[in-house]
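# Report on the structure
The lines below spell out each chain.
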Amino acid sequence: QKKKAWSGRFSEPVADFVLRYTASVDFDKRMALADIAGSIAHATMMNKCGVLHDQDLADIKRGMKQIIEEIKSGKFEWKLELEDVHLNVEARLTQLVGDAGKRLHTGRSRNDQVATDMRLYMREEIDTITDLVCELQEVLVHLAANETDTIMPGFTHMQVAQPVTLGHHLLAYVEMFERDRTRLIDLRRRVNQSPLGAAALAGTTYPIDRNYSAELLGFEAVMQNSLDAVSDRDFCIEFTAAASLIMMHISRLSEELIYWMSQRFRFMMLPDRFTTGSSIMPQKKNPDVAETARGKAGRVAGDLISLTVLMKGLPLAYAKDTQEDKEPVFDAIDTVKDTLRAFIEMMPGVTPNREEMKKAAQAGYPTATDLADYLTKKGLPFREAHDVVGSVVKLASNRGCDLAELSLEELKSFSDLIEEDVYEKALKLESSVAARDHVGATAPRQVRIQVARWTDIFEKR
Ligand code: ARG
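Bear in mind the structure is a predicted one, so any value in this text is a computation, not a measurement. (Residues numbered from 1 in each chain as written. Predicted model: local features only at pLDDT ≥ 70, side-chain atom pairs only at ≥ 80, totals over all residues.)

### Points about the nonpolar core
The nonpolar side chains of a soluble globular protein tend to be buried, and buried together. Among the nonpolar cores identified, the biggest contains 97 residues, and Ile-60, Leu-140, Ala-144, Met-152, Ala-243, Ile-246 and Val-336 are the most heavily contacted of them. When residues in this core are grouped by element, the largest group, 15 residues, is from helix H7 (residues 110-145). Excluding its chain neighbours within four sequence positions, the residues that come into contact with Ala-243 are Val-300, Ala-332 and Val-336. Counting residues in each nonpolar core, the second largest holds 15 residues, with Ala-368, Leu-371, Ile-418 and Leu-427 among its members. (Core = buried A, V, L, I, M, F, W, Y, C linked by C-beta atoms within 7 Å. Buried ≥ 20, exposed ≤ 12 C-beta atoms within 10 Å, placed from the backbone. Helix = DSSP H or I, 4+ residues; strand = E, 2+ residues; numbered from the N terminus. Contact = placed C-beta atoms within 7 Å.)

### Considering the domain arrangement of the chain
Partitioning the chain into domains gives domain 1 (7-106), domain 2 (111-359) and domain 3 (362-460). One C-alpha centre belongs to domain 2, the other to domain 3, and the line joining them spans 38 Å. Listed as interface residues are 20 residues of domain 2 and, on the opposing side, 17 residues of domain 3. Residue contributions to the side of domain 2 that touches domain 3 peak at six residues, all from strand S2 (residues 159-165). Broken down by class, the residue content of the side of domain 2 that touches domain 3 amounts to 11 nonpolar, five polar and four charged. (Domains from an automatic or database assignment. Nonpolar A, V, L, I, M, F, W, Y, C, P; charged D, E, K, R; others polar.)

### Here's the deal with the site of the ligand
Residues in close proximity to the ligand include Ser-24, Asp-28, Asp-84, Arg-110, Asn-111, Val-114, Tyr-318, Lys-320, Thr-322 and Gln-323, which together make up its full environment. Along the lines of polarity and charge, the residues of the shell around the ligand split into two nonpolar, four polar and four charged. Built from parts of two domains, the shell around the ligand gets at least three residues from each of domain 1 (7-106) and domain 2 (111-359). (Near = placed C-beta within 6 Å.)

### Things to note about the UniProt feature "domain: Argininosuccinate lyase C-terminal" (unreviewed entry) in the chain
On the UniProt side, "domain: Argininosuccinate lyase C-terminal" (unreviewed entry) is annotated at positions that read residues 367-434 here. The span residues 367-434 is 66% helix and 0% strand, and its two end C-alpha atoms sit 12 Å from each other. (UniProt positions renumbered as here; feature names shortened; annotations may be inferred.)

### What about the packing of helix H4 (residues 54-72) against helix H5 (residues 85-97)?
Packing of H4 against H5 leaves a shortest axis separation of 9 Å and a crossing angle of 115°. The chirality of how H4 crosses H5 is right-handed. Contacts between H4 and H5 involve Asp-59, Ile-60, Arg-62, Gly-63, Met-64, Gln-66 and Ile-67 from the former and Val-89, Arg-92, Leu-93, Leu-96 and Val-97 from the latter. Looking at the contact of H4 with H5, its residues break down into seven nonpolar, two polar and three charged. (Axes fitted to C-alpha atoms, helices over the stretch in contact; angles between N-to-C directions. Left-handed = near helix turned anticlockwise from the far one by under 90°.)

### Regarding the pairing of S2
As judged from the six bridges shared by strand S1 (residues 151-156) and S2, these two strands associate in the antiparallel manner. Bridge assignment links Gly-154 to a residue of S2, and that residue is Gln-162. Between S1 and S2, which follow one another and run antiparallel, lie two residues, and His-157 among them has a positive phi close to 55°. (Pairing = 2+ DSSP bridges.)

### Thoughts on helix H3 (residues 32-48)
With 17 residues, H3 ought to run about 24 Å at 1.5 Å a step, and its terminal C-alpha atoms sit 24 Å apart, in line with that. Among the 17 residues that make up H3, 12 are buried, leaving the element largely enclosed by the rest of the structure. Regarding H3, the residues found buried are Ala-32, Ala-34, Asp-35, Ile-36, Ala-37, Gly-38, Ser-39, Ala-41, His-42, Ala-43, Met-45 and Met-46. Buried residues in H3 make contact with H4, H5, H7 and helix H9 (210-216). Looking one or two residues past H3, Gly-50 carries a phi angle of roughly 85°, positive in sign. (Expected span 1.5 Å × (residues − 1).)

### Some details on the environment of Arg-123
As for its position among the elements, Arg-123 is in helix H7. Once residues within four sequence positions are removed from consideration, Arg-123 is found in contact with Arg-188, Val-191 and Asn-192.

Put into structure tokens, the structure is as follows:
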């Protein structure tokens, strides 16, 4: 049982601890289907090149078919002493089909095999995640469509700045997720390259056809340097970087949802099924999903750091350190998928509290810039207008009232350019947002245009 695939030159079996310490099967078995696909492509190519007989290829395919069934039904027996997914599958194949199983590894190494598996596995996950990001965008655009005219305070430095529309605010996230989505599509091209045929590091003596196996596996191209092919893991780093950006964006959204739903803001409510209670405080309703997501963003950033540090000192070509690429990548995949799914479910259930947001937008003089613009349009240089409005704000704030609550006379005492129309044109929240009416700005009309643009984009996807 302790006899290993490579034990020929050894005089004693590997120590139990070493086995446990160096084995990866517990986590790399999730790539089993990719591993089998890679093996079948390799065998098919070797057959075409005249190295593997038709009968062997047929046996390998038949054996693999059964192994796939065993894995899918949970009947496959994974053995730690067989180290990793590759040797487990190969050993079972040999059990099932005999010599053909032993011939499978001709002209191949676990080094190009594992690199191939990782790329195949990741390619599929990238596609799933890309779709999930798109779904989240759709959910957000749908929500924005209902809130094109909803006024809320916009903040800079967490201080009330200018009124914005909630639709506009939500669409900001749709833009972030669009960059995330296209980042995935872009890096997929670099993932989708075939390392197969690089063998251990130098290539192989067999007359292989790397283009053929690459084509069978749907790879876009063949990696052009065998040393690079077995040792490159930048595709893992790139992927976790993209995943951590997605998480970072979700984390920012989470942070906003968390304070929006706090009693101090009461801007919106999250659906009950996405909140949790307290075991001691009966009144509590906590935004746990958003908080968990915010926390998990740190975890995925950690996955990225693990990989960059893992790779930074590795000489060419393969080194066993590289096996440590798996858990961070898998963790990032699982975390980002779960988090996206949670938000796709949760966001449609968010109920904005429009009155409360508008009330909050009234406090903190968010139309002060509008008043300055009003004066500027009447000929006052902007810097002077800024100064005048500063004094107006000072008066209102001393009195504890809103700008619109000052009388026309009082306003006029600061500048006689101010006239009756100031209330309607400058100080009203609705006029403030409506006036910002150009591409990318917050006016309800612009938000509607953006919603239409996105809807159109989704229809064409
Ligand atoms: N489980 C190994 C990994 O993930 C497979 C490659 C092993 N190659 C070797 N020469 N020991 O990296």
